[in-house]
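So you can see what is in the structure, the chains are spelled out below.
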Amino acid sequence: MTRSLLSIEDLRIGFAGSERLAVKGIDLAMAPGERLGVVGESGSGKTLLARAILGLLPPGAQRRAGRILFDGQDLTDLSPATLRHVRGRRIGMVFQEPMVSLNPALTIGRQLGEGLILHEGLSAAEVRRRSVEMLDAFRMVDAANCLDKYPHEFSGGMRQRIMIASALLLRPALLIADEPTTALDVIVQKQVLDLTLAACRDLGTALLLITHDLGVVADCCERVLVMRHGDPVTQGPVDPVLLRPSDPYTRQLLHSLPRRQGVETAPAAPAPPLLSIKDLRVAYPARRRGLFRRPPARPVLHGIDLSLARGETLALVGESGSGKTTLGRALLGLAPVAGGRVSLDGQDIATLSAPERRALARRVQMVFQDPFSSLDPRWRIARIVGEGLTGVTAAERATRVAAALSDVGLGDGFADRFPHELSGGQRQRVAIARAIIMKPDLIVADEPVSALDVTVQAQILSLLKDLQRRHGFSYLFISHHLGVVEQVADRVMVLYRGHVVEEGARDDLFDRPTHPYTRRLMAAVPEILPDGDGFRAGHRPLPAPVPLPGLTPVEQGGVLTLLQGGHRVRCAAP
Amino acid sequence: MTRFLSRPNAALGLIFFSFMLLAAAWGLLATPYDPLRPDVWARLQAPSALHWLGTDGFGRDVFSRLLVAAWVSAGVSMATVALSVTLGTAIGAVAGYLGGRVDDGVTVLMDALMSFPAILLALGILAAIGPSPGGVVLALGLAYTPSVVRVVRGSVLSLKEREFIDAARVLGHGPLRTLLTHVIPNCLTPLTVLATAMFGNALLSESALSFLGAGVPPPAPTWGGMLAEGRQHVQAAPWLCIFPGLAISMALLGINLLGDALRDLLDPRMNKL
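Here the residue index of a chain counts from 1 through its sequence in written order. Each chain takes a letter, starting from A, and each ligand takes a number, starting from 1, following the order in which they are written. In view of the model being predicted, local features appear only for residues whose pLDDT reaches at least 70, and side-chain atom pairs are presented and counted only at 80 or more, with totals across whole chains, interfaces and linings using the full set of residues. Here the side-chain values reflect all heavy atoms present in the structure, with hydrogen atoms and water set aside.

1. Things to note about the overall build of chain B
The helix and strand tally for chain B stands at 12 helices and 0 strands. Numbered from the N terminus, helices here are DSSP runs of H or I no shorter than four residues, and strands are runs of E no shorter than two. Scanning chain B from its N terminus toward the C terminus, one meets helices and strands in the order α-α-α-α-α-α-α-α-α-α-α-α. Summarising its shape, the C-alpha atoms of chain B cover approximately 75 × 45 × 30 Å along the three principal directions. Relative accessibility decides the category of a residue: with a 1.4 Å probe and only protein chains considered, values under 20% of the type maximum give buried, values over 50% give exposed, and everything between is partly exposed. Residue burial in chain B is summarised as follows: out of 273 residues, 47% are buried. Expressed as a percentage of contacts within chain B between residues at least 6 apart in sequence, the contacts between residues at least 24 apart total 71%. The criterion used for residue contact is that any of the two residues' heavy atoms lie within 4.5 Å.

2. Let's talk about the environment of Asp466 of chain A
In this structure, Asp466 of chain A sits in helix α16 (residues 454-471). In this structure, the C-alpha to C-alpha distance between Asp466 of chain A and Val408 of chain A, residues 58 residues apart in sequence, is 9.6 Å.

3. Focus on the interface of chain B and chain A
The partner chain A presents 28 residues to the 20 residues of chain B that form the contact. Summed over both partners, the accessible surface that disappears when two parts come together, traced with a 1.4 Å probe, is what is meant by buried area. Taking both partners together, chain B and chain A bury about 2000 Å²; carbon and sulfur atoms supply 48% of that area. Per-residue buried area on chain B facing chain A is highest for Glu163, Val170 and Leu171 of chain B; these three make up 34% of the total on that side. A side-chain nitrogen of Lys or Arg and a carboxyl oxygen of Asp or Glu constitute a salt bridge if their distance falls within 4 Å. Linking chain B with chain A are 1 salt bridge. For Arg329 of chain A, the salt bridge is made with Asp166 of chain B, and the minimal N-O distance between the two is 2.9 Å. Contacts described as polar in this section are N or O atom pairs within 3.5 Å, which, within protein, must combine one atom able to donate a hydrogen with one able to accept it, while residues neighboring in sequence count only if both atoms come from side chains. Applying the counting criterion to the chain B and chain A interface returns 12 residue pairs in polar contact (both at pLDDT 80 or more). If you list the elements that add at least two residues to the side of chain B that touches chain A, you get α4 (100-114), α7 (163-170), α8 (175-183) and α9 (188-211) of chain B. A total of 7 residues in the side of chain B that touches chain A trace back to one element, the largest contributor, which is α7 of chain B. Basically, the charged four are Asp, Glu, Lys and Arg, the nonpolar ten are Ala, Val, Leu, Ile, Met, Phe, Trp, Tyr, Cys and Pro, and anything else, Gly included, counts as polar. Taken together, the residues of the side of chain B that touches chain A break down into 7 nonpolar, 6 polar and 7 charged.

4. Some thoughts on the pairing of strand β24 (residues 567-571) of chain A
Residue and element names in this part refer to chain A. The element β24 is extensively covered by neighbouring structure, given that 4 of its 5 residues are classed as buried. When DSSP finds at least two bridges between two strands, those strands are taken to pair. Here strand β20 (residues 499-505) pairs with β24 via 2 bridges, running antiparallel. Looking at β24, one finds that Glu502 is bridged to Val569.

5. Considerations on the nonpolar core
In terms of nonpolar packing, the biggest core is built from 56 residues, with Val385 and Ile432 of chain A touching the most fellow members. The contacts of Ile432 of chain A, once residues within four sequence positions are left out, are Val367, Val408, Ile460, Leu463, Leu464 and Leu467 of chain A. Put simply, buried Ala, Val, Leu, Ile, Met, Phe, Trp, Tyr and Cys residues joined by side-chain atoms within 4.5 Å make one nonpolar core.

6. Brief notes about the confidence of the model for chain B
Residue and element names in this part refer to chain B. When pLDDT is averaged across chain B, the result is 82; 95% of the residues are at 70 or more. For every residue, the predictor reports its confidence as pLDDT, a number between 0 and 100. Of the regions scoring below 50 in pLDDT, residues 268-273 engages in 3 contacts with residues more than four places distant in sequence or in other chains. With a pTM of 0.80, the predicted complex shows an ipTM of 0.74.

7. Points about the sheet that holds strand β16 (residues 364-367) of chain A
Residues and elements named next belong to chain A. Read across the open sheet, the 8 strands follow the order β16-β17-β18-β13-β19-β20-β24-β23; overall the sheet is mixed. Looking at strand neighbours, the two that pair on one side only are β16 and β23 (559-564), the edges of this open sheet. Averaged over all neighbouring strand pairs, the angle between strand axes comes to 20°, with direction disregarded. Here strand β13 (residues 313-317) pairs with strand β19 (residues 491-496) via 4 bridges, running parallel. Within β19, the position partnered with Ala315 by the bridge is Val492. Note on geometry: axes are C-alpha line fits, over the in-contact stretch for helices, and angles between N-to-C directions span 0 to 180 degrees.

8. Thoughts on the domain arrangement of chain A
Residue and element names in this part refer to chain A. Domains assigned within chain A are domain 1 (6-98 + 170-256) and domain 2 (275-363 + 439-571). Those domain boundaries reflect an automatic or database domain assignment. Each of domain 1 and domain 2 has a C-alpha centre, and the two are 35 Å apart. Counting residues at the interface gives 21 residues for domain 1, matched by 19 residues for domain 2. Of the roughly 1900 Å² buried where domain 1 meets domain 2, counting both sides, 65% is carbon and sulfur surface. At the level of secondary structure, the elements contributing two or more residues to the side of domain 1 that touches domain 2 comprise α7 (186-203), α8 (214-220) and α10 (248-256). Tallied by class, the residues present in the side of domain 1 that touches domain 2 amount to 10 nonpolar, 6 polar and 5 charged.

9. Side note on the environment of Gly25 of chain A
All names here are of chain A. For Gly25, the location among the structural elements is in strand β2 (residues 21-30). Accessibility expressed as a relative area gives 11% for Gly25, which makes it buried. Once the C-alpha coordinates of Gly25 and Arg12 are considered, the two residues, 13 residues apart in sequence, prove to be 4.9 Å apart. In this structure, Gly25 is in contact with Asp10, Leu11, Arg12 and Pro232, ignoring residues within four places of it in sequence.

10. Let's talk about the sheet that holds strand β14 (residues 337-344) of chain A
Residue and element names in this part refer to chain A. What the 4 strands build is an open sheet, ordered β12-β11-β14-β15; its pairing is antiparallel. The strands lining the two open edges of the sheet, one partner per strand, are β12 (298-308) and β15 (347-348). Alignment of strand β11 (residues 275-284) against β14, held across 6 bridges, turns out to be antiparallel. In the strand pairing of β14, Leu275 is matched with Leu344. Strands β11, β12 and β14 of the sheet are contacted by helix α11 (residues 324-331), whose axis makes an angle of about 110° with β11.

11. Quick word on α7 of chain A
All names here are of chain A. Take the number of residues in a helix, subtract one, and multiply by 1.5 Å to get its expected span. With 18 residues, α7 should cover 26 Å at 1.5 Å per step; its first-to-last C-alpha distance of 26 Å lies within 8% of that length. Of all the positions in α7, only Val186, Ile187, Gln189, Val192, Leu193, Leu195, Thr196, Leu197, Ala199 and Cys200 are classed as buried. In the segment just after α7, Gly204 is the residue with positive phi, at about 70°.

12. Side note on the packing of helix α3 (residues 62-98) of chain B against α8 of chain B
Residue and element names in this part refer to chain B. Relative to each other, α3 and α8 sit at 115°, their axes nearing to 11 Å. Of the two elements, α3 crosses α8, and the hand of that crossing is right-handed. On the side of α3, the interface is formed by Ala93, Val94 and Tyr97, while α8 contributes Pro175, Thr178, Leu179 and Val183. Residue composition of the contact of α3 with α8, grouped by class: 6 nonpolar, 1 polar and no charged. Crossing handedness follows the turn of the near helix against the far one: under a right angle anticlockwise gives a left-handed crossing, and clockwise gives a right-handed one.

13. With respect to the packing of α3 of chain B against α4 of chain B
Residues and elements named next belong to chain B. Interaxial distance between α3 and α4 falls to 7 Å at its minimum, and their mutual angle equals 135°. As summarised for this structure, α3 and α4 are arranged oblique, according to the angle between their axes. Helix-helix and strand crossings are classified by hand; for α3 and α4 the assignment is left-handed. Contact residues: Ile91, Ala95, Gly96 and Leu98 in α3; Gly100, Val102, Asp103, Val106 and Met110 in α4. A class-by-class count of the residues in the contact of α3 with α4 yields 6 nonpolar, 2 polar and 1 charged. Should an angle fall under 35 degrees it is taken as roughly parallel, and over 145 as roughly antiparallel, whereas 65 to 115 is taken as roughly perpendicular and any remaining angle as oblique.

14. Topic: unusual backbone geometry
Residue and element names in this part refer to chain A. Residue Pro240 is reached from Asp239 by a cis peptide bond, and omega for that bond is 20°. Take Pro240: it is sitting in helix α9 (residues 238-241). The residue Arg139 is not glycine, and still its phi comes out positive at about 55°. Inspection of the secondary structure assignment puts Arg139 in the loop between α4 (124-137) and α5 (143-146).

15. What about the packing of aromatic side chains?
The geometry of an aromatic ring pair is captured by two quantities: the separation of the ring centres and the angle between the planes. Only Phe, Tyr and Trp rings take part, Trp by its six-membered ring, and two of them pair if their centres are within 6.5 Å. Stacked means planes under 30 degrees apart, edge-to-face means over 60, and tilted covers everything else. For the structure on display, the rule yields 3 aromatic pairs over all chains. With 5.9 Å between their ring centres and 80° between their planes, Phe17 of chain B and Phe199 of chain B make a pair best called edge-to-face. Taken together, the residues span a long stretch of sequence, with Phe17 of chain B in helix α2 (residues 8-29) and Phe199 of chain B in helix α9 at a distance of 182 residues. Of the two residues examined, Phe17 of chain B and Phe199 of chain B, each falls in the buried class. The rule for a charge over a ring is simple: NZ of Lys or CZ of Arg within 6 Å of the ring centre, and within 35 degrees of the ring normal. A cation over an aromatic ring shows up here: Arg417 of chain A above the ring of Phe414 of chain A, its NZ or CZ 4.5 Å from the ring centre.

16. As for the pattern of salt bridges
Residue and element names in this part refer to chain A. Per the stated rule, a full pass over the model turns up 32 salt bridges over all chains. The closest approach of N and O atoms between Arg363 and Asp441, which form a salt bridge, is 2.5 Å. Taken together, the positions of Arg363 in the loop between α12 (354-361) and β16 and Asp441 in the loop between α15 (424-436) and β17 (442-446) put the pair 78 residues apart, joining distant regions of the chain. Take Arg363: its relative accessible area is 24%, and that puts it in the partly exposed class.

Written out as structure tokens, the structure is:
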């Protein structure tokens, strides 16, 4: 057996003032150049584990037992001064949030060079040469100029590339990456992961990748450690540990992954649509410069047409900035509508009087993404759920609140609690109860599960589906997660920079993606697909591209052209 | 509450503050002597069993005057805080929530007001309307309003981005109801802390205004006014300055300690540990 680079023996971490352990006896060994994935849901202790290696535990957390051997040296014995030598130079670290991990006041060059100057004492010219070389390796366009720019001049994906480049600049033996791509869009995520893996391979750097995304681990890593509530559940090569799991928890995780269920739904009935949108345009007013000058508004949606039948689920898919959230908010009057017509049940909303519009608007409810910010922290659950009820007696209110709570699977015990006493999944249930108590016709669900762990996500998705069956409302389901969309949607619309590039019934769209953007989107997601008894890691197989003339990038305009059976794709105007 | 009192600073603050309230209550109910009646035969007497804290230049009992002054000072400060918090919360919440031109106008106005020192602004207002207890409250209340507006507006701006505000709008509630039920209750934490700090400031400013002769007019006793009168006799009768000065410092110390402890208690990050 090769000498191990990192070996952790019986690591236990607890918090001050509590007997309970947050990490309960982890053993692991990594060989030089190896890629190990640590997966687990929130609270599994995976981030604590990573931080413990570098001696960067958050305030209050303490190592209770265990050794951390790196290159034969026990890191837990080192003086802070010696540990600083290891940090950065021998072990690099990348965090989740690219937006906050770079100092906005310093140029990229200063921040990249920091480590080289500190640890290797190189000359300024040498530092610059090495920095440019590394940014080139990360395919940063015009690397030399990048060094003189500031972080705000880069997008999230570019910043994360810069972060990883700066961690690898010192050629560390080990790179610890804590959810490095969680905040990024799938296409960008794929670029960043590919570049990171290539760079690690070139430098012989071992990678400890911490993530909740099983697909990413299966795609990038050789071995995997699954953690739950601080316990190491199982550990070993990705195949079989992850792909043919024998352990019940891992199996549960894999079976919770969203995937297509059921058969193709019937084509939309000829009944008049519940919601119909014609040429909807939204533009956000620009920030005023000076006292009076106001630059033109920034368009976010460029004329969206959409119709939604009663009881149907329409999913809006797209990366950040595609306008999918804006479209949902515009329906609810939360975004400034610049033009177009929205009609609900055949009534044009614009022609109604204000009270009529408010009454109509109550029939459209919303479930928000972040269950931690969508509930007023000072209100009890019963009051939150009943907030929208007006003109009812106290007794009726209590009955309806109890009914709504039991509808979403929360018992009576929850009515008197405060939001902070609930878990993320329970809070999202409360948010759903608040929406369904209004007996809506349409629920706009904006990324309702993306803040939740995969097992909780599966529960919420099946709850949403179940409520739809019982109450018959329609969903406008907004998500960037293709797997989730594939599970819940009847029809799918792909948005790109405020345009619809492709739309169609779920199976049509997922089996025969036609627009280049849709295809790129689907190819970018690392997935774990069922394969016989076990699973298979990889990317979704795409059919050969349709030889359709005039498939265009949206910047060049084009119109939606019908392929077949409601499947439409943006092509150049004939 | 027990955790609150287990901090020595908080306990000390509470004790000093209670002293002041107790003195104010005592001054309201009964005093050993009439605080306003001069006694020419007993001028400038040193502290004794008869006059616990001595007498002033008119022979009035200092102890009695201190007690009554505590009531005047506490009352004026409390009314000042109440006025500026009410006014400031209303203006700040509306400006922050509505944004746009309203917000710009309010911000410019408040910045302009804030560019004057509060005491100078109050002095100016009092010079215009003449010294009286109500005038002091009005002047100080207006002078402190901009800082309340600033704190409330800041909280509202960050609260506005929270999704439960959107949720309330989706449920069909108008802006006024959303402000009253969601926005303002969530501003209470910073407001409580600000209010304690302002109470101390108001007390000091009221004393300063009275010292300058622009505050509560004589013969009504106030701590600042007593200090000003005592100044003439500071060589012969130092107790005339020492005791009001001591009262002001103790009340201020108590309130500031209490405010600090309250801030720590209400800060959710401190609560987690």
